[in-house]
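Below, each chain spelled out in residue letters.
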Amino acid sequence: MEVVILQDATEIGGVGADAITVLLGRKPAAVLGLATGSSPLAIYDELARRRDAGLISFRGARGFTLDEYVGLPADHPQRYRTVIDEVFVSKVDFAPGGVQGPDGLAADIPAACAEYEAAIQDAGGVDLQILGIGTDGHIAFNEPGSSLGSRTRIKTLTMQTRMDNARFFGDDVDAVPTHCLTQGLATIMEARHLILVATGRRKAEAVHQLVEGPISALWPATILQLHPHATVLLDEAAARRLQLVDYYRETYRSKPEWQGI
Ligand code: F6R
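Residues numbered from 1 in each chain as written. Predicted model: local features only at pLDDT ≥ 70, side-chain atom pairs only at ≥ 80, totals over all residues. Heavy atoms only, no water.

Close to the ligand lie 15 residues; Thr36, Ser39, Asp67, His138 and Ala140 are nearest. Take Thr36: an N or O atom from its side chain is 2.7 Å from an oxygen atom of the ligand. When the ligand is considered free in solution it has 410 Å² of accessible area, and contact with the protein chains removes 94% of it. Partitioned by chemical class, the residues of the shell around the ligand number five nonpolar, seven polar and three charged. (Near = heavy atom within 4 Å. Polar contact = N/O pair within 3.5 Å; in protein donor to acceptor, adjacent residues only side chain to side chain. Areas by Shrake-Rupley, 256 points an atom, 1.4 Å probe, with all protein chains shown as cover. Nonpolar A, V, L, I, M, F, W, Y, C, P; charged D, E, K, R; others polar.)

Here the focus is the state of the cysteines. When the sulfur atoms of two cysteines share a covalent bond, that bond is a disulfide. Overall, the coordinates contain zero disulfides when judged by the stated rule. Cys113 forms no disulfide, and the closest cysteine sulfur to it belongs to Cys180, at a distance of 9.5 Å. For Cys113, a relative accessible area of 4% gives the class buried. (Disulfide = S-S within 2.5 Å. Buried < 20%, exposed > 50% of the residue type's maximum accessible area, 1.4 Å probe, protein only.)

Before going further, it helps to examine the packing of aromatic side chains. Evaluation of the coordinates by the stated rule reveals ten aromatic pairs. Between Phe88 and Phe94 the ring centres are 5.9 Å apart and the planes differ by 85°, which places this aromatic pair in the edge-to-face class. You can call Phe88 buried: its relative accessible area is 0%. Residue Phe94 is classed as buried on the basis of its relative accessible area of 10%. Here the aromatic residues Tyr44, Phe58, Phe88 and Phe94 are joined through ring pairs into a cluster of three or more. (Phe/Tyr/Trp six-rings, centres within 6.5 Å; stacked < 30°, edge-to-face > 60°.)

Moving on, we get to the pattern of salt bridges. Under the definition given, this model contains 14 salt bridges. Between Glu2 and Lys255 there is a salt bridge, with the nearest N and O atoms lying 2.7 Å from each other. Within this pair, whereas Glu2 is found in strand 1 (residues 2-6), its partner Lys255 is found in the segment after helix 8 (245-253), the two being separated by 253 residues in sequence. Summarising the burial analysis for this pair, Glu2 and Lys255 share the class buried. A salt bridge links Arg50 to Glu46, with the nearest nitrogen and oxygen atoms 2.8 Å apart. Pair noted here: Arg50 and Glu46 are both in helix 2 (residues 41-52), with a separation of four residues, about one helical turn. Both residues of the pair, Arg50 and Glu46, count as buried. Here the residues in one salt-bridge network are Asp18, Glu46, Arg49 and Arg50, joined through shared partners. (Salt bridge = Lys/Arg side-chain N within 4 Å of Asp/Glu carboxyl O. Helix = DSSP H or I, 4+ residues; strand = E, 2+ residues; numbered from the N terminus.)

Residues Tyr80, Val83, Ile84 and Val87 constitute the buried set of helix 3 (residues 80-87). Looking straight down helix 3, one finds that the buried residues subtend no more than 95° of arc, so they occupy a single side. On the buried face of helix 3, the contacting elements are strand 2 (31-34), helix 2, strand 3 (62-65), strand 4 (67-69) and helix 5 (159-165). (Arc of directions from axis to C-beta. Contact = heavy atoms within 4.5 Å.)

Attention now goes to the sheet that holds strand 9 (residues 193-198). One open sheet accounts for seven strands, arranged 1-10-9-6-2-3-5; its pairing is parallel. In the strand order of this sheet, the two ends are held by strand 1 and strand 5 (99-100), each with one partner. Each of strand 3 and strand 5 touches helix 4 (residues 109-122); the most contacted strand, strand 3, lies at about 150° to it. (Pairing = 2+ DSSP bridges. Axes fitted to C-alpha atoms, helices over the stretch in contact; angles between N-to-C directions.)

Turning our attention to unusual backbone geometry. The backbone of Ala140 sits at a positive phi, close to 45°, despite the residue not being glycine. Summarising the element assignment, Ala140 is placed in the loop between strand 6 (128-131) and strand 7 (153-156). Among the residues examined, Ala140 registers a relative accessible area of 7% and is labelled buried. Backbone geometry at Asp171 places phi at a positive 60°, although glycine is not the residue there. Position of Asp171 relative to the elements: it lies in the loop between helix 5 and strand 8 (179-182).

Across the five residues that make up strand 1, a large majority, five, are buried. Here strand 1 shows two buried faces, one formed by Glu2, Val4 and Leu6 and the other by Val3 and Ile5. Of the strand pairs in this sheet, strand 1 and strand 10 (residues 230-235) are connected by five bridges, and their pairing is parallel. Within strand 10, the position partnered with Glu2 by the bridge is Thr231.

See the structure below:
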């Protein structure tokens, strides 16, 4: 796992966007895994800027979102499908239908989850997956206790996650859905490159566990320690509890620029 500590979200946006720019240059039909939430926004903004400048194109690429609330009406502004369209997809040039997400309104949820897994497989798997991390250590919505071998399925959100996300629902925790569909940990682990973004001191404990804790369902993000190509992009506040922080800084500083992340 590579840990990269940067100044702020803008710098994180640049480094994350660089990785996607290189990937699209090498593979215009790349498959991207898209997280919602605040963490990836700087990356999406920078990608949209590069697209506007004509430096990159998503025309041949595909996208798969990580998760979706169960039961939010199709026109609800916090539906993740709506959010990702608003913050990213509408600002770049994916072909129509190029981005898919799990169907939180499906009548047959197990069938919808199986179909989503099959769609990712049919697309050739995810080349680069963007991730955030919850304060409770979740990735996607794999809450503590999730099977480390899990696939796309329905999950119950923890009260911690619902409180964290209440800011998107007028600070009303009761308005945050109790359930979601989420890619599983095994699904995420099949992506060829994982880039996890965390900013702010509220993420510091989860980041410490992710990078330096024992692999455990209690902190689901720790499964990333088993991935051959996982990159963690942090600001100073999110890195403040890391024990080997000086080593991570030195490793990144001395890395040849051509190597990328
Ligand atoms: C959202 C997702 C979640 C978020 C996490 C952090 O698609 O997968 O795991 O990444 O809850 O959310 P933010 O970035 O809003 O702090």
